[in-house]
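Okay, here's what each chain looks like letter by letter:
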Amino acid sequence: MLTLITADMDGTLLSPEQKLSDRFVALLDEIVKRRIDFVVASGRQYQNLIAHFPAHRDKIFIISENGACVFFQSQCLYHVAIKDDVLSELYRAADTFCDALTIISGPKTAYIKKTHRPAQLAYLAELVKYYAHIVVVDQYAQIPDPVTKYTVCHYGGVEKNICPNLEPFVTRTNISVSGKIFVDITSPEASKGSALSFIQSLRGHRPDTTIAFGDFLNDIELLQQARYSFAMENAHPTLFSHA
C-alpha cells in the first residue's frame, strides 16, 4: 500500500513559469484526503517552498536546502549544519569565485556577502526565484545561523566552471549539482535521501510504500530511498539509471 509520495520542485512539480498546475493541486487535495503523506524535496529555501502551497501548508512535509532541513507545520524538525572548519575554507574559496555568486543558507534565511562586482550583481534577479528571505552581510562571520547549505551560482554552468574548484571538499561534504547554474554543498550527512529517511522513520513509513519523482543529480538519493522511483522526461541523463 502506498503511504508516502515525495517529489522535487524545479523540473518536476513546477512549470517553466514557476507555478503548480491546477491538476496537481487537485491531486494533492486527494492525496491529503486519503491520508497519504506528501513530501516536497528541494534545494530551495523553506519560505519559498511553502509559499507555493497556501492551502496545504500545515498538511505536508518540506525537505529544503537539498536535505539539510525538514519542516512540518512551520517547525524545523531536523537540520544538519556544515562543520565550522570546513565552512571557514569554503568562505575563503567563495572570495575567489569572482564571476559567480555564493549564497549561504541557514534553516530559514539566506545570506550573501555585499559586492560591487557587476558580474555578481547580475545574479540577484535569479535569486528571488528561489529565496524568499535574503540578508546582505559585510562579512561571512556576521551570519548568526547554523549554516545548512553553501550554494554557488554561475551562469556559464557549474559543472564546468565551479565543480573542479571544489575537489578539496569532496570527501568532507556532500556536493550536489542541483541545476545547470547551481551547485550546493551541505554536510556529508545531509541529502534529500537522508531527510526522507528521517521522515519515513518519524511517520512509520517504509521504502517499499514510498514513491519518488525527480529530475536532477541532487535527486539521486531521494529516488534510492523509494521502491517506486521515477525520473522526469526532462531529467539529467545520469538520473535515469537510478529510477
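In short, a report on the structure. Quick caveat, the model's predicted, so the values are computed rather than measured.

What counts, and where the lines are drawn
- Residues numbered from 1 in each chain as written.
- Predicted model: local features only at pLDDT ≥ 70, side-chain atom pairs only at ≥ 80, totals over all residues.
- Heavy atoms only, no water.
- Core = buried A, V, L, I, M, F, W, Y, C linked by side-chain atoms within 4.5 Å.
- Buried < 20%, exposed > 50% of the residue type's maximum accessible area, 1.4 Å probe, protein only.
- Helix = DSSP H or I, 4+ residues; strand = E, 2+ residues; numbered from the N terminus.
- Pairing = 2+ DSSP bridges.
- Axes fitted to C-alpha atoms, helices over the stretch in contact; angles between N-to-C directions.
- Salt bridge = Lys/Arg side-chain N within 4 Å of Asp/Glu carboxyl O.
- Disulfide = S-S within 2.5 Å.
- Contact = heavy atoms within 4.5 Å.

### Remarks on the nonpolar core
Phase 1: With 70 residues, the main nonpolar core has F38 and Y150 as its most contacted residues.
Phase 2: With six residues, the single largest contributor to this core is helix α4 (residues 84-94).
Phase 3: Counting 11 residues, the second largest nonpolar core, distinct from the first, contains A110, Y123, Y130 and C153.

### Here's the deal with the sheet that holds strand β6 (residues 101-105)
Phase 1: The mixed open sheet is built from six strands, whose spatial order is β8-β7-β6-β9-β11-β10. For this open sheet the edge positions go to β8 (134-137) and β10 (174-179), each flanked by a neighbour on one side alone. Strand after strand, the sheet turns through a mean of 25° between neighbouring axes, direction not considered.
Phase 2: In terms of strand pairing, strand β7 (residues 110-113) meets β8 through four bridges, oriented parallel.

### Remarks on the pattern of salt bridges
Phase 1: The final tally for this structure, using the stated rule, is 11 salt bridges.
Phase 2: With a shortest N-O distance of 2.6 Å, D219 and K192 are connected by a salt bridge. Here D219 is found in the loop between β12 (210-214) and α9 (220-224), whereas its partner K192 is found in helix α8 (residues 192-203), with 27 residues between them in sequence. Across the pair, exposure class does not vary: D219 and K192 are buried alike.
Phase 3: Where R206 meets D208, a salt bridge forms, and the shortest distance between an N and an O atom there is 2.8 Å.
Phase 4: Overall, R206 belongs to the partly exposed group, its relative accessible area being 46%.
Phase 5: A cluster of three or more residues bridged by salt bridges with shared partners is formed by D8, K192 and D219.

### What to know about the state of the cysteines
Phase 1: Applying the stated criterion to the full structure yields zero disulfides.
Phase 2: Here C69 is not cross-linked by a disulfide; its sulfur's nearest cysteine counterpart is in C76, at 4.8 Å.
Phase 3: There is no disulfide at C153, and the cysteine sulfur nearest it, in C163, is 13 Å away.
Phase 4: The buried category is assigned to C153, whose relative accessible area is 0%.

### Quick look at the sheet that holds strand β5 (residues 75-79)
Phase 1: Here we have seven strands laid out as an open sheet, ordered β5-β4-β3-β2-β1-β12-β13, and mixed in their pairing. A strand with exactly one partner marks an edge of an open sheet, and here the two such strands are β5 and β13 (228-231). Along the sheet, successive strands turn relative to each other by an average axial angle of 15°, direction set aside.
Phase 2: As paired strands, strand β1 (residues 4-7) and β12 are joined by four bridges and run parallel to one another. Residue I5 lies in a different strand from β12, and its bridge partner there is I211.
Phase 3: Sitting on the sheet, α8 is in contact with β1, β2 (37-41), β3 (61-64), β4 (69-72), β5 and β12, with an inclination near 155° to β3.

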